[in-house]
Amino acid sequence: MSADQQNQQQEFNRQYGGGMGGGNPFENMFNGKQNYEEDVKGFWEDLEDMFSGAKKSDSKRGKDISTQIEISFMEAIDGCQKTVVYERNSVCSTCNGSKAKPGTGQTKCSTCSGSGKVFYRQGFMTIGMECNGCNGSGNVIKNPCTSCNGKGFNNNKASEEINVPKGVNDGVKLRVAKKGHYSQNGQSGDLFINVKVRSHPYFKREEFDIHTENPITISQAVLGAKIKIKTLTGETLITVDSGTKDGDTKKLLNYGVPKLNSNNQRGHHYVKFKIVIPNKLNDKQKALFEELSKLEENVNK
Ligand SMILES: [Zn+2]
Ligand SMILES: [Zn+2]
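Residues numbered from 1 in each chain as written. Chains lettered and ligands numbered in written order. Predicted model: local features only at pLDDT ≥ 70, side-chain atom pairs only at ≥ 80, totals over all residues.

### Brief notes about the overall build of the chain
Put simply, the rule is: Note on conventions: DSSP H or I runs of at least 4 residues are helices, E runs of at least 2 residues are strands, and numbering of each starts at the N terminus. Our contact criterion uses C-beta atoms placed from the backbone: two residues qualify when those atoms are within 7 Å.
Secondary structure assignment for the chain yields 5 helices and 15 strands. Within the chain, contacts between residues at least 6 apart in sequence are counted, and of these 62% link residues at least 24 apart.

### Structural notes on the sheet that holds strand S8 (residues 173–176)
Applicable threshold: If DSSP finds at least two bridges between two strands, the strands pair. The convention used is that axes are lines fitted to C-alpha atoms, helices contributing only their stretch in contact, and that angles between N-to-C directions extend from 0 to 180 degrees.
Across the sheet, which stays open at both edges, the 3 strands sit in the order S1-S9-S8 with mixed pairing between neighbours. Because the sheet does not close on itself, it has two edges, and the strands there are strand S1 (65–71) and S8. Each adjacent strand pair in this sheet contributes to an overall mean axis angle of 25°, direction not counted. The pairing of S1 with strand S9 (residues 191–197) spans 7 bridges and is classified as parallel.

### Here we look at the nonpolar core
The nonpolar side chains of soluble globular proteins are, as a tendency, buried together. Worth spelling out the cut-off: Note on terminology: a nonpolar core is a set of buried residues of type Ala, Val, Leu, Ile, Met, Phe, Trp, Tyr or Cys, with members joined through C-beta atoms within 7 Å. Every C-beta atom is placed from the backbone, and the number of other C-beta atoms within 10 Å of a residue's own sets its class: buried at 20 or more, exposed at 12 or fewer, partly exposed in between. Reported domain spans reflect what an automatic or database domain assignment gives.
Core analysis: the biggest nonpolar cluster contains 15 residues, and Val168, Ile193 and Val195 have the highest contact counts within it. Of all the secondary-structure elements, those providing two or more residues to this core are helix H3 (73–78) and S9. Per-element accounting of this core gives the leading share, 5 residues, to S9. For this core, the domains that each give at least three residues are domain 1 (3–85 + 160–197) and domain 2 (204–295). The contact partners of Ile193, leaving out residues within four places of it in the chain, are Thr67, Gln68, Ile69, Val84, Ile162, Lys173 and Leu174.

### Observations regarding helix H5 (residues 283–295)
Our working definition: By definition here, a helix of n residues has an expected span of 1.5 Å times n minus one.
For H5, spanning 13 residues, the distance from its first C-alpha to its last is 19 Å, which sits close to the expected 18 Å at 1.5 Å a residue. Among the 13 residues in H5, 0 count as buried, and that is only a small part of the element.

### Considerations on the pairing of strand S13 (residues 234–240)
In the sheet, strand S12 (residues 225–231) pairs with S13 via 7 bridges, with the strands oriented antiparallel. Paired with Lys228 across the strands is Leu237, a residue of S13. Between S12 and S13, which pair antiparallel one after the other, the connecting turn spans 2 residues.

### Comments concerning the sheet that holds strand S14 (residues 249–252)
Read from one edge to the other, the open sheet built from 4 strands follows the order S10-S11-S15-S14, with strand pairing classed as mixed. The two strands at the open ends of the sheet, each matched to only one other strand, are strand S10 (204–206) and S14. Mean inter-strand twist for the sheet, computed between neighbouring axes without regard to direction, equals 30°. With 4 bridges joining them, S14 and strand S15 (residues 269–275) adopt antiparallel strand pairing. Among the inter-strand pairings, Lys251 is bridged to a residue of S15, identified as Tyr270.

### Description of the confidence of the model for the chain
Heads up, the rule is: Along the chain, pLDDT gives the predictor's confidence residue by residue, from 0 to 100.
Mean pLDDT over the chain works out to 84, with 80% of the residues at or above the 70 mark. Counting interchain partners and residues more than four positions distant, the pLDDT-below-50 stretch residues 14–50 has 42 contacts. For residues 52–58, every residue scores under 50 in pLDDT, and the model assigns this stretch 14 contacts once sequence neighbours within four places are set aside.

### Some points on unusual backbone geometry
The phi torsion at Asn96 lies on the positive side, around 55°, for a residue other than glycine. For Asn96, a count of 12 C-beta atoms within 10 Å gives the class exposed. At Lys178, a position not held by glycine, the phi torsion is positive, near 65°. Structurally, the position occupied by Lys178 is in the loop between S8 and S9.

### Some details on the environment of Tyr182
Residue position: Tyr182 is located in the loop between S8 and S9. In sequence terms Tyr182 and Asn89 are 93 residues apart; their C-alpha atoms lie 5.4 Å from each other.

### Structural notes on the environment of Phe208
Following the sequence through the fold, Phe208 ends up in the loop between S10 and strand S11 (209–216). Judged by the 19 C-beta atoms lying within 10 Å of it, Phe208 is partly exposed. Separated by 39 residues in sequence, Phe208 and Asn169 place their C-alpha atoms 8.8 Å apart. Those residues within four positions of Phe208 in sequence are excluded, and the remaining contacts are Gly256, Val257, Lys259, Arg266 and Gly267.

Here it is as structure tokens:
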């Protein structure tokens, strides 16, 4: 991410914080995890894993999923709706996540008598460990569900309708809470959508501003004129001042990119004039230029 993109992402975070369905849809990767309690819990679980040597991945939050969409320049300006199709571990519809064949249940684990823990004595210490017979659940399944092979979840195609807010820039990450992988004992992970915005042949974007290069003729530059140019909201008439030089710019206030969640605030549109020198003249034009040249002051004094 460039510094510009980072700034913009931070701006999105600020504006969207706590909006849209309770979650912040723009996760800044530089902020890291948002939930401190979960961090701490995760830390203790990691420690427990280290001491017991057991994998307790089941007891944790589901994994996040990252995916990408590509949208056109104008879709990013106006906002759009997109369907994101991706693969996701979701709860098994046959056993509802119970892992057992429907109609059969779980039976108490004989290794730990249903407590989920086994204890070892080592010297003065008693060490409690997660039971290997039942992975700490206290129960075992005699008849595992055949749809999910006793896992409780399946990897399925999922689709999600995404509202891409107007004004998004290339490289922004949208977050959809709890649409990541399923977790049996925790909440599902999140879905992150990386937005890629295609460039435009005419409009060039810088943050919320738009830059275009617009051709004018020699006489328009010298005498001044009104010309029609394309803006994000359609064609508009602008004034070319008399005496405009090649490369001069004109600022069109509030003709730029809509700012997120602000009351119709927009950036600006900068028009850069490019004087087109004709390389072919008809007889009349040539005669006029020759006439003009006789009247022109000597600029090479
Ligand atoms: Zn199942
Ligand atoms: Zn057990």
